[in-house]
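What follows is each chain in one-letter form.
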Amino acid sequence: MKHFTLDPHMTASVGGAFYPTGHSFVMFPDAKDASGVGHRLLDNGFSGDEIYLIPPEVVLDQITPTVRETDSTLPSAGTDAATVRAYTKLAREGHTALLVRTRDEAAANRLMDQVRTVPFSIAQRYRMLVIEDL
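Residues numbered from 1 in each chain as written. Predicted model: local features only at pLDDT ≥ 70, side-chain atom pairs only at ≥ 80, totals over all residues. Heavy atoms only, no water.

Undergrad: Help me out: how do you make sense of the sheet that holds strand S1 (residues 23-28) in this one?
TA: Where strands meet in a sheet, backbone hydrogen bonds hold them as pairs that are either parallel or antiparallel. Spatially, five strands are ordered S2-S3-S1-S4-S5 in an open sheet, and the strand pairing comes out antiparallel. Strands at the two margins of the open sheet, each flanked by one partner only, are strand S2 (51-54) and strand S5 (130-133). Neighbour to neighbour, the strand axes of the sheet diverge by 20° on average, direction disregarded. Taken together, the six bridges between S1 and strand S3 (residues 96-101) define a ladder with antiparallel strand orientation. Across the sheet, the residue bridging to phenylalanine 25 is leucine 99, located in S3. This element, helix H2 (residues 56-63), spans S1, S2 and S3 of the sheet and lies at about 100° to S2. (Pairing = 2+ DSSP bridges. Helix = DSSP H or I, 4+ residues; strand = E, 2+ residues; numbered from the N terminus. Axes fitted to C-alpha atoms, helices over the stretch in contact; angles between N-to-C directions. Contact = heavy atoms within 4.5 Å.)

So this is what it looks like as structure tokens:
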């Protein structure tokens, strides 16, 4: 698993909110479950370069700032800002995230086969112009 550092390619071109196209973002109430799922993914066709384990403080330090708090009352054409606010709420409650490259539906299904073995709080797949609930 890789250390997460927000890359400009992981943000929306309009508005700059966190939007890692080609990845799925899953949050877990228990950090041990997040780590365990990440390690099991390595045995199920994912490489270590495709998986990021993201502690709550990193979500708050790097992902949360991609959405300004003042934007929260404004309507949005997309759901990217609202989704980041949901991640922020969960991170403040101590939830840990996995960001996993899921280029196609088969990869997303392999990911979710492992995720569903433990309690998780949110799972989103980022595709071009669509954030899909998993």
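Undergrad: How do you make sense of helix H1 (residues 31-42) when you look at a structure like this?
TA: If you check H1, its first and last C-alpha atoms are 17 Å apart, about what twelve residues at 1.5 Å a residue would give, namely 16 Å. When H1 is considered as a whole, its buried residues turn out to be Ala34, Val37, Gly38 and Leu41. All buried residues of H1 fall inside an arc of 100° around its axis, so they share one side. In this structure, the buried residues of H1 make contact with S1, S2, S3 and helix H4 (105-115). You can read the cap of H1 off the contacts: a side-chain oxygen lies 2.7 Å from the backbone nitrogen of lysine 32, and it is on aspartate 30. (Expected span 1.5 Å × (residues − 1). Buried < 20%, exposed > 50% of the residue type's maximum accessible area, 1.4 Å probe, protein only. Arc of directions from axis to C-beta. Polar contact = N/O pair within 3.5 Å; in protein donor to acceptor, adjacent residues only side chain to side chain.)

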